[in-house]
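Secondary and tertiary structure notes
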Amino acid sequence: MKEKLHINTLESESIHIFREVASQFKKPVLLFSGGKDSITLVRLAQKAFYPAKIPFPLMHIDTGHNFPETIEFRDKLVKELGVELIVRKVQDTIDAGKVKEETGRYSSRNRLQTTTLLDAIEEFKFDACIGGARRDEEKARAKERIFSVRDDFGQWDEKNQRPELFDMLNGEIEFGQNVRVFPISNWTELDVWQYIENENLEIPSIYFAHLRDTFVRDGLIWSASEHVYREEDEEVSKRMVRFRTVGDMSCTAAVSSNATTIKDVVAEIRKSSISERGARIDDRRSESAMEERKQQGYF
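The paragraphs below set out a description of the structure included in this document. Please read all numbers here as calculations on a predicted model, not as lab measurements.

For the rest of this paragraph, the subject is the pairing of strand E6 (residues 178-181). Burial along E6 is two-sided: Asn-178 and Arg-180 and Val-179 and Val-181, pointing in opposite directions, are all buried. Pairing geometry for strand E4 (residues 128-130) and E6, over three bridges, is parallel. Residue Cys-129 lies in a different strand from E6, and its bridge partner there is Arg-180.

See the structure below:
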(Lines give C-alpha, C1' and ligand atoms only; values in the text may rest on other atoms or scores of the structure.)
Protein backbone atom coordinates (compact mmCIF):
# COMPACT_ATOMS: atom_id res chain seq x y z
CA MET A 1 0.00 0.00 0.00
CA LYS A 2 2.82 2.39 0.91
CA GLU A 3 4.65 1.62 -2.34
CA LYS A 4 1.52 2.18 -4.41
CA LEU A 5 0.94 5.55 -2.71
CA HIS A 6 4.56 6.48 -3.50
CA ILE A 7 4.16 5.57 -7.18
CA ASN A 8 0.85 7.47 -7.38
CA THR A 9 2.55 10.56 -5.97
CA LEU A 10 5.31 10.32 -8.55
CA GLU A 11 2.75 9.84 -11.32
CA SER A 12 0.82 12.94 -10.25
CA GLU A 13 4.00 15.04 -10.23
CA SER A 14 4.95 13.83 -13.71
CA ILE A 15 1.49 14.50 -15.13
CA HIS A 16 1.68 18.03 -13.69
CA ILE A 17 5.03 18.52 -15.47
CA PHE A 18 3.60 17.34 -18.79
CA ARG A 19 0.72 19.78 -18.52
CA GLU A 20 3.11 22.60 -17.67
CA VAL A 21 5.09 21.79 -20.82
CA ALA A 22 1.96 21.94 -22.94
CA SER A 23 0.93 25.27 -21.43
CA GLN A 24 4.32 27.01 -21.43
CA PHE A 25 5.96 25.91 -24.67
CA LYS A 26 4.97 26.34 -28.31
CA LYS A 27 6.62 23.29 -29.86
CA PRO A 28 7.54 20.42 -27.53
CA VAL A 29 8.71 16.96 -28.57
CA LEU A 30 9.05 13.72 -26.62
CA LEU A 31 12.43 12.03 -27.12
CA PHE A 32 11.68 8.33 -27.58
CA SER A 33 14.21 5.50 -27.64
CA GLY A 34 11.92 2.50 -27.18
CA GLY A 35 13.39 1.95 -23.72
CA LYS A 36 11.56 1.53 -20.42
CA ASP A 37 11.92 5.18 -19.38
CA SER A 38 10.55 6.61 -22.62
CA ILE A 39 7.75 4.01 -22.57
CA THR A 40 6.87 5.25 -19.09
CA LEU A 41 6.89 8.84 -20.39
CA VAL A 42 4.45 7.91 -23.15
CA ARG A 43 2.01 6.40 -20.65
CA LEU A 44 2.27 9.49 -18.42
CA ALA A 45 1.65 11.75 -21.43
CA GLN A 46 -1.40 9.67 -22.35
CA LYS A 47 -2.80 10.16 -18.87
CA ALA A 48 -1.94 13.85 -18.77
CA PHE A 49 -3.99 14.65 -21.88
CA TYR A 50 -6.65 11.93 -21.89
CA PRO A 51 -9.13 11.66 -23.62
CA ALA A 52 -7.23 13.70 -26.24
CA LYS A 53 -4.20 12.26 -28.00
CA ILE A 54 -0.66 13.19 -27.00
CA PRO A 55 -0.39 16.73 -28.42
CA PHE A 56 3.20 16.57 -29.65
CA PRO A 57 5.33 14.19 -31.75
CA LEU A 58 7.77 11.55 -30.62
CA MET A 59 11.33 11.76 -31.92
CA HIS A 60 13.96 9.03 -32.06
CA ILE A 61 17.61 9.81 -32.69
CA ASP A 62 18.57 6.56 -34.40
CA THR A 63 22.23 5.55 -34.08
CA GLY A 64 21.78 2.76 -36.62
CA HIS A 65 23.23 0.42 -33.99
CA ASN A 66 20.05 -0.13 -32.02
CA PHE A 67 18.82 -3.48 -30.79
CA PRO A 68 16.37 -4.79 -33.45
CA GLU A 69 13.86 -5.69 -30.74
CA THR A 70 13.72 -2.04 -29.69
CA ILE A 71 13.06 -0.69 -33.19
CA GLU A 72 10.35 -3.30 -33.76
CA PHE A 73 8.68 -2.29 -30.51
CA ARG A 74 8.99 1.43 -31.30
CA ASP A 75 7.19 1.09 -34.62
CA LYS A 76 4.47 -1.11 -33.13
CA LEU A 77 3.76 1.31 -30.27
CA VAL A 78 3.65 4.39 -32.49
CA LYS A 79 1.19 2.68 -34.81
CA GLU A 80 -1.04 1.73 -31.87
CA LEU A 81 -0.93 5.26 -30.44
CA GLY A 82 -1.55 6.98 -33.76
CA VAL A 83 1.05 9.65 -32.99
CA GLU A 84 3.66 11.23 -35.24
CA LEU A 85 7.14 9.71 -35.09
CA ILE A 86 10.15 11.71 -36.28
CA VAL A 87 13.32 9.72 -36.90
CA ARG A 88 16.67 11.36 -37.49
CA LYS A 89 19.68 9.15 -38.20
CA VAL A 90 23.25 9.43 -36.98
CA GLN A 91 24.35 7.79 -40.24
CA ASP A 92 23.08 10.84 -42.14
CA THR A 93 25.14 13.08 -39.86
CA ILE A 94 28.21 10.94 -40.54
CA ASP A 95 27.56 10.98 -44.30
CA ALA A 96 27.29 14.78 -44.18
CA GLY A 97 30.77 14.96 -42.63
CA LYS A 98 29.53 16.61 -39.43
CA VAL A 99 30.85 13.84 -37.17
CA LYS A 100 33.41 11.09 -37.61
CA GLU A 101 32.75 7.41 -37.01
CA GLU A 102 34.71 6.06 -34.04
CA THR A 103 36.87 2.98 -34.48
CA GLY A 104 38.60 0.52 -32.20
CA ARG A 105 37.91 -1.40 -29.02
CA TYR A 106 35.49 1.06 -27.41
CA SER A 107 34.04 2.66 -30.52
CA SER A 108 30.42 3.78 -30.23
CA ARG A 109 27.94 6.08 -31.89
CA ASN A 110 26.48 7.18 -28.57
CA ARG A 111 28.40 10.46 -28.46
CA LEU A 112 27.61 11.14 -32.10
CA GLN A 113 23.89 11.38 -31.28
CA THR A 114 24.40 14.85 -29.86
CA THR A 115 25.03 16.51 -33.23
CA THR A 116 22.06 14.72 -34.81
CA LEU A 117 19.83 15.78 -31.92
CA LEU A 118 20.90 19.43 -32.07
CA ASP A 119 20.36 19.49 -35.83
CA ALA A 120 16.86 18.07 -35.38
CA ILE A 121 16.00 20.65 -32.72
CA GLU A 122 17.08 23.40 -35.10
CA GLU A 123 15.27 21.81 -38.07
CA PHE A 124 11.91 21.63 -36.30
CA LYS A 125 12.42 24.62 -33.98
CA PHE A 126 11.54 22.60 -30.90
CA ASP A 127 11.61 24.70 -27.73
CA ALA A 128 11.18 21.83 -25.26
CA CYS A 129 12.55 18.29 -25.55
CA ILE A 130 11.05 15.84 -23.06
CA GLY A 131 13.41 13.07 -21.98
CA GLY A 132 13.48 10.15 -19.58
CA ALA A 133 16.60 11.02 -17.58
CA ARG A 134 16.43 10.40 -13.84
CA ARG A 135 18.55 11.89 -11.06
CA ASP A 136 19.45 8.46 -9.67
CA GLU A 137 21.16 7.39 -12.92
CA GLU A 138 24.46 9.21 -12.58
CA LYS A 139 26.00 11.98 -10.50
CA ALA A 140 25.80 14.55 -13.33
CA ARG A 141 22.08 13.81 -13.62
CA ALA A 142 21.64 14.59 -9.92
CA LYS A 143 22.44 18.26 -10.68
CA GLU A 144 19.71 18.45 -13.30
CA ARG A 145 16.59 20.61 -13.01
CA ILE A 146 13.22 19.39 -14.29
CA PHE A 147 13.24 22.32 -16.73
CA SER A 148 16.89 22.29 -17.83
CA VAL A 149 17.76 25.37 -19.86
CA ARG A 150 20.16 24.96 -22.82
CA ASP A 151 21.80 27.83 -24.66
CA ASP A 152 21.56 28.55 -28.39
CA PHE A 153 24.34 25.99 -28.98
CA GLY A 154 22.36 23.34 -27.08
CA GLN A 155 24.86 23.37 -24.22
CA TRP A 156 24.15 22.87 -20.53
CA ASP A 157 25.69 25.08 -17.87
CA GLU A 158 25.06 23.82 -14.35
CA LYS A 159 25.73 27.32 -12.95
CA ASN A 160 23.09 28.88 -15.17
CA GLN A 161 20.06 26.92 -14.02
CA ARG A 162 17.02 28.22 -12.21
CA PRO A 163 15.86 27.24 -8.74
CA GLU A 164 12.70 25.13 -8.72
CA LEU A 165 10.83 25.83 -5.53
CA PHE A 166 7.36 24.64 -4.55
CA ASP A 167 6.83 22.90 -7.93
CA MET A 168 7.06 26.22 -9.75
CA LEU A 169 8.47 25.54 -13.22
CA ASN A 170 9.71 28.55 -15.17
CA GLY A 171 9.59 27.92 -18.92
CA GLU A 172 10.59 31.40 -20.06
CA ILE A 173 13.49 31.22 -22.49
CA GLU A 174 15.35 33.67 -24.66
CA PHE A 175 15.51 33.48 -28.45
CA GLY A 176 17.64 30.50 -29.50
CA GLN A 177 17.43 28.73 -26.16
CA ASN A 178 15.50 25.53 -25.55
CA VAL A 179 14.64 23.46 -22.53
CA ARG A 180 15.15 19.79 -21.80
CA VAL A 181 12.32 18.53 -19.62
CA PHE A 182 12.64 15.53 -17.32
CA PRO A 183 9.23 14.51 -15.91
CA ILE A 184 10.59 11.42 -14.14
CA SER A 185 13.62 13.13 -12.58
CA ASN A 186 12.59 12.06 -9.09
CA TRP A 187 11.92 8.44 -10.01
CA THR A 188 14.35 5.57 -9.46
CA GLU A 189 14.93 2.56 -11.70
CA LEU A 190 12.84 0.50 -9.29
CA ASP A 191 10.02 3.08 -9.41
CA VAL A 192 9.94 2.82 -13.20
CA TRP A 193 9.73 -0.97 -13.11
CA GLN A 194 7.02 -0.93 -10.47
CA TYR A 195 5.04 1.53 -12.59
CA ILE A 196 5.42 -0.68 -15.65
CA GLU A 197 4.21 -3.61 -13.54
CA ASN A 198 1.25 -1.65 -12.09
CA GLU A 199 0.22 -0.32 -15.51
CA ASN A 200 0.79 -3.67 -17.23
CA LEU A 201 2.83 -1.92 -19.92
CA GLU A 202 4.29 -3.83 -22.82
CA ILE A 203 8.07 -3.49 -23.19
CA PRO A 204 10.66 -4.80 -25.66
CA SER A 205 11.55 -8.48 -25.18
CA ILE A 206 15.19 -7.54 -24.75
CA TYR A 207 14.46 -6.53 -21.14
CA PHE A 208 13.67 -10.16 -20.29
CA ALA A 209 16.10 -13.07 -20.00
CA HIS A 210 16.80 -14.80 -23.31
CA LEU A 211 19.52 -16.85 -24.94
CA ARG A 212 21.85 -14.63 -26.95
CA ASP A 213 25.18 -14.91 -28.73
CA THR A 214 27.56 -12.96 -26.52
CA PHE A 215 31.20 -12.49 -25.57
CA VAL A 216 32.92 -11.16 -22.45
CA ARG A 217 35.18 -8.11 -22.31
CA ASP A 218 36.34 -6.18 -19.24
CA GLY A 219 34.07 -8.34 -17.11
CA LEU A 220 30.98 -7.27 -19.07
CA ILE A 221 28.78 -9.32 -21.40
CA TRP A 222 28.41 -7.95 -24.93
CA SER A 223 26.06 -8.84 -27.75
CA ALA A 224 27.90 -10.53 -30.61
CA SER A 225 26.73 -8.15 -33.30
CA GLU A 226 28.36 -6.66 -36.38
CA HIS A 227 27.93 -3.28 -34.66
CA VAL A 228 30.04 -4.27 -31.63
CA TYR A 229 33.82 -4.37 -31.96
CA ARG A 230 35.24 -7.77 -31.03
CA GLU A 231 38.81 -9.07 -30.88
CA GLU A 232 39.59 -12.38 -32.60
CA ASP A 233 40.34 -14.06 -29.27
CA GLU A 234 37.03 -12.95 -27.71
CA GLU A 235 34.99 -16.12 -28.07
CA VAL A 236 31.27 -16.07 -28.74
CA SER A 237 28.93 -18.33 -26.79
CA LYS A 238 25.24 -18.42 -25.93
CA ARG A 239 24.30 -17.03 -22.53
CA MET A 240 21.04 -16.37 -20.73
CA VAL A 241 21.02 -12.58 -20.42
CA ARG A 242 18.83 -9.53 -20.37
CA PHE A 243 19.50 -5.80 -20.76
CA ARG A 244 18.77 -3.21 -18.08
CA THR A 245 19.12 -0.35 -20.53
CA VAL A 246 18.73 -0.40 -24.31
CA GLY A 247 21.08 2.24 -25.69
CA ASP A 248 23.43 1.87 -28.62
CA MET A 249 24.47 -1.80 -28.94
CA SER A 250 28.14 -0.85 -29.06
CA CYS A 251 28.15 0.60 -25.54
CA THR A 252 25.40 -1.33 -23.75
CA ALA A 253 26.30 -4.56 -21.98
CA ALA A 254 23.96 -7.31 -20.83
CA VAL A 255 23.60 -8.92 -17.40
CA SER A 256 23.23 -12.60 -16.59
CA SER A 257 19.62 -13.18 -15.65
CA ASN A 258 16.75 -15.66 -15.47
CA ALA A 259 14.09 -12.94 -15.11
CA THR A 260 11.37 -13.67 -17.68
CA THR A 261 8.52 -11.55 -16.24
CA ILE A 262 8.22 -8.00 -14.98
CA LYS A 263 7.68 -9.38 -11.48
CA ASP A 264 11.00 -11.25 -11.79
CA VAL A 265 12.75 -8.09 -13.03
CA VAL A 266 11.40 -6.04 -10.09
CA ALA A 267 12.70 -8.67 -7.66
CA GLU A 268 16.08 -8.68 -9.41
CA ILE A 269 16.40 -4.88 -9.31
CA ARG A 270 15.62 -4.86 -5.58
CA LYS A 271 18.62 -7.11 -4.96
CA SER A 272 21.02 -5.40 -7.36
CA SER A 273 23.97 -3.47 -5.94
CA ILE A 274 25.08 -2.16 -9.35
CA SER A 275 23.65 0.89 -11.12
CA GLU A 276 21.91 0.23 -14.44
CA ARG A 277 24.47 2.55 -16.07
CA GLY A 278 27.19 0.28 -14.74
CA ALA A 279 26.65 -1.64 -17.97
CA ARG A 280 27.20 1.45 -20.15
CA ILE A 281 30.83 1.54 -21.28
CA ASP A 282 30.57 5.14 -22.49
CA ASP A 283 30.13 6.29 -18.88
CA ARG A 284 33.42 4.62 -17.96
CA ARG A 285 35.56 6.65 -20.33
CA SER A 286 36.14 9.24 -17.62
CA GLU A 287 34.77 10.29 -14.26
CA SER A 288 32.99 13.21 -15.91
CA ALA A 289 31.84 11.46 -19.12
CA MET A 290 28.13 12.22 -18.70
CA GLU A 291 28.71 15.81 -17.62
CA GLU A 292 30.95 16.44 -20.63
CA ARG A 293 28.30 15.08 -23.01
CA LYS A 294 25.59 17.20 -21.39
CA GLN A 295 27.73 20.31 -21.79
CA GLN A 296 28.03 19.49 -25.49
CA GLY A 297 24.26 19.22 -25.91
CA TYR A 298 23.45 15.60 -24.97
CA PHE A 299 19.94 15.26 -23.60
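What follows is about the pairing of strand E1 (residues 28-31). Along any regular strand the residues' side chains alternate between the sheet's two faces. Residues Pro-28 and Leu-30 of E1 are buried on one face, and the alternating residues Val-29 and Leu-31, pointing to the opposite face, are buried as well. Relative to E4, E1 runs parallel, the two being bridged by three bridges. Across the sheet, Pro-28 pairs through a bridge with Ala-128, a residue of E4. When E1 meets strand E2 (residues 58-62), the two strands line up parallel, connected through two bridges. When the bridges of E2 are listed, Leu-31 appears paired with Met-59. In this view, the connection linking E1 to its parallel neighbour E2 by way of helix H2 (residues 36-49) has right-handed handedness.

Let us look at the packing of aromatic side chains. Counted under the stated rule, the structure contains seven aromatic pairs. With a centroid separation of 5.3 Å and an interplanar angle of 20 degrees, the aromatic rings of Phe-124 and Phe-126 are classed as stacked. The buried category is assigned to Phe-126, whose relative accessible area is 4%. Here the aromatic residues Phe-18, Phe-49 and Phe-56 are joined through ring pairs into a cluster of three or more. Its guanidinium or amino end placed over the ring of Phe-215, Arg-230 lies 6.0 Å from that ring's centre, counting from NZ or CZ.

This brings us to the sheet that holds E1. In spatial order, the strands read E3-E2-E1-E4-E6-E5; together these six strands make up an open sheet with mixed pairing. Two strands lie at the open edges of the sheet, namely strand E3 (85-89) and strand E5 (147-150), each paired on one side alone. The mean angle between the axes of side-by-side strands here comes to 30 degrees, regardless of whether they run parallel or antiparallel. Relative to E1, H2 is tilted by about 140 degrees, and along the sheet it contacts E1, E2 and E4.

This paragraph deals with helix H7 (residues 262-271). Along H7, the residues classified as buried are Ile-262, Val-265, Val-266 and Ile-269. All buried residues of H7 project into a common sector of 100 degrees when viewed along the axis, lining one side. Structural note: H7 exposes Lys-263 and Lys-271 on the side pointing more than 90 degrees away from its buried face. Packed against the buried residues of H7 are helix H6 (189-199) and strand E9 (237-242).

Where helix H1 (residues 2-24) meets H2, the axes come as close as 9 Å, and the angle between the chain directions of the two elements is 70 degrees. On the basis of the axis angle, H1 is roughly perpendicular to H2. Facing H1, whose interface residues are Glu-11, Ser-14, Ile-15, Phe-18, Arg-19 and Ala-22, H2 presents Leu-41, Leu-44, Ala-45, Lys-47, Ala-48 and Phe-49. When its residues are assigned to classes, the contact of H1 with H2 shows eight nonpolar, one polar and three charged.

Overall, antiparallel pairing links the four strands, which are arranged E8-E7-E9-E10 in an open sheet. Sheet topology places strand E8 (220-223) and strand E10 (255-256) at the edges, where each strand pairs with a single neighbour. By the bridge criterion, four bridges tie strand E7 (residues 210-217) to E8 in an arrangement that is antiparallel. Residue pairing across strands places Val-216 opposite Ile-221, the latter belonging to E8.

Moving on, we get to the environment of Ser-225. Relative to the assigned elements, Ser-225 resides in the loop between E8 and E9. Ser-225 gets classed as buried once you look at its relative accessible area, which sits at 18%. Considering only alpha carbons, one finds Ser-225 and Phe-67, 158 residues apart in sequence, at a separation of 9.5 Å. A polar contact of 3.0 Å, which involves the side chain of Ser-225, links it to the backbone nitrogen of His-227.

With the rule as written, the count across this model stands at 21 salt bridges. In this structure, Lys-76 and Glu-80 form a salt bridge, with 2.9 Å as the shortest nitrogen-oxygen distance. Of this pair, Lys-76 and Glu-80 both sit in helix H3 (residues 68-81), separated by four residues, roughly a single helical turn. Under the relative-accessibility criterion, Lys-76 is labelled partly exposed at 37%. With a relative accessible area of 53%, Glu-80 lands in the exposed category.

Parameters and conventions
- Residues numbered from 1 in each chain as written.
- Predicted model: local features only at pLDDT ≥ 70, side-chain atom pairs only at ≥ 80, totals over all residues.
- Heavy atoms only, no water.
- Buried < 20%, exposed > 50% of the residue type's maximum accessible area, 1.4 Å probe, protein only.
- Helix = DSSP H or I, 4+ residues; strand = E, 2+ residues; numbered from the N terminus.
- Pairing = 2+ DSSP bridges.
- Right-handed = clockwise from strand over helix to strand, strands pointing away.
- Phe/Tyr/Trp six-rings, centres within 6.5 Å; stacked < 30°, edge-to-face > 60°.
- Lys NZ or Arg CZ within 6 Å of the ring centre and 35° of its normal.
- Axes fitted to C-alpha atoms, helices over the stretch in contact; angles between N-to-C directions.
- Contact = heavy atoms within 4.5 Å.
- Arc of directions from axis to C-beta.
- Parallel < 35°, antiparallel > 145°, perpendicular 65-115°, else oblique.
- Nonpolar A, V, L, I, M, F, W, Y, C, P; charged D, E, K, R; others polar.
- Polar contact = N/O pair within 3.5 Å; in protein donor to acceptor, adjacent residues only side chain to side chain.
- Salt bridge = Lys/Arg side-chain N within 4 Å of Asp/Glu carboxyl O.

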